[in-house]
Amino acid sequence: AGASNLTTLGVSGNANITGGLGVTGATTLRSTLGVTGAATLSSTLNVTGAGFFASTLGVQGALDVTGGLGVTGATTLRSTLNVTAATTLSSTLNVTGAGFFASTLGVQGSTDITGGLGVTGAVTLRSTLGVTGSATLSSTLNVTGAGFFASTLGVQGTTDITGGLGVTGATTLRSTLGVTGAATLSSTLNVTGAGFFASTLGVQGATDITGGLGVTGATTLRSTLGVTGAATLSSTLNVTGATYLAS
C-alpha cells in the first residue's frame, strides 16, 4: 500500500497506526494522547493547560517557562539555575555547597548559619549582631559607634584607642599602662605597689603619704615643710637662711 492523503480523518473508535503518522496541519485531540514509546518533537511544544508527567522530565536544551512552574516533589538541577526576576521561597533554602551572590543579599527575617560564613567584601548589619559562640577577627575591628561588652573584654595584643575610653566598673591591667599624653584622674589614684616617675611629679593640692617616701635625687619644696613627728637626718643639714626653733 502507498501513502494516503486525507482532508479530514474522523475516528470514533481506536486507531492503531503501525507506521509513521505525518501531519502537516494542526491536530486536535479531543481526548487523552497516550504514547507508549518515545516521542520526538522537532519543534516547540506549546501547552495551554496544565502538564503532568508521571515520570522524569529530561530536558537536554534550554527550558523557557513563561508562566508558573509547580513541582510537588524534589527537583534536581544538574547545571546552573539562572533567575532574572525575583525569587520567592515559601520554605527553607538548603544549600549543601557554596553559595555565591553577585549582588546584595537582603534578609528580612532571621538567618541561621550552622557552618562558616565567608565574606570578602564589606558587611552592613542594620540591627544587632548576636554571637553565642566565639568570634575570631583576623583583621581590624572598627566600631564607629559605642561598643558595649556584657562580660569580660580580653585583649592579647595591643589595643589602640584614638577616642575616649569610658569604663564604669573596675579595670585590671596585667601589664604596664603607657600614657603618651596627659592623664586626668577625677578621683583618687590608689597605688598598692611602687610608683616610678621618669620625669617631674607635680602636685597642685595636698599629698598624703601614709607610708615611706624615698627620693634618690634632690627635692625642692616651694613652701613650708611641716613635720608633725620626729625627723631623722642620716647626713648633714645645710641651712642657707635663718633658722627658727620654736622649742
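This text gives an overview of the structure that appears in the document.

Procedures and definitions
- Residues numbered from 1 in each chain as written.
- Predicted model: local features only at pLDDT ≥ 70, side-chain atom pairs only at ≥ 80, totals over all residues.
- Heavy atoms only, no water.
- Helix = DSSP H or I, 4+ residues; strand = E, 2+ residues; numbered from the N terminus.
- Rg over C-alpha atoms; globule rule 2.2 N^0.38 Å.
- Buried < 20%, exposed > 50% of the residue type's maximum accessible area, 1.4 Å probe, protein only.
- Areas by Shrake-Rupley, 256 points an atom, 1.4 Å probe, with all protein chains shown as cover.
- Lys, Arg positive; Asp, Glu negative; His and termini not counted.
- Charge placed at Lys NZ, Arg CZ, Asp CG, Glu CD.

## As for the overall build of the protein
Helix and strand counts for the protein stand at zero helices and zero strands. For a compact globule of 247 residues, the expected C-alpha radius of gyration is about 18 Å, and the protein comes in at 44 Å, more than 25% above that figure. Here the C-alpha coordinates of the protein stretch approximately 155 × 25 × 25 Å along the principal axes. For the protein, with 247 residues in total, the buried portion stands at 0%. In the form shown here, the protein has an accessible surface area of approximately 26200 Å², with 51% of it arising from carbon and sulfur atoms. Of note, the protein has its 5 positive side-chain charges centred 11 Å away from the centre of its 4 negative side-chain charges.

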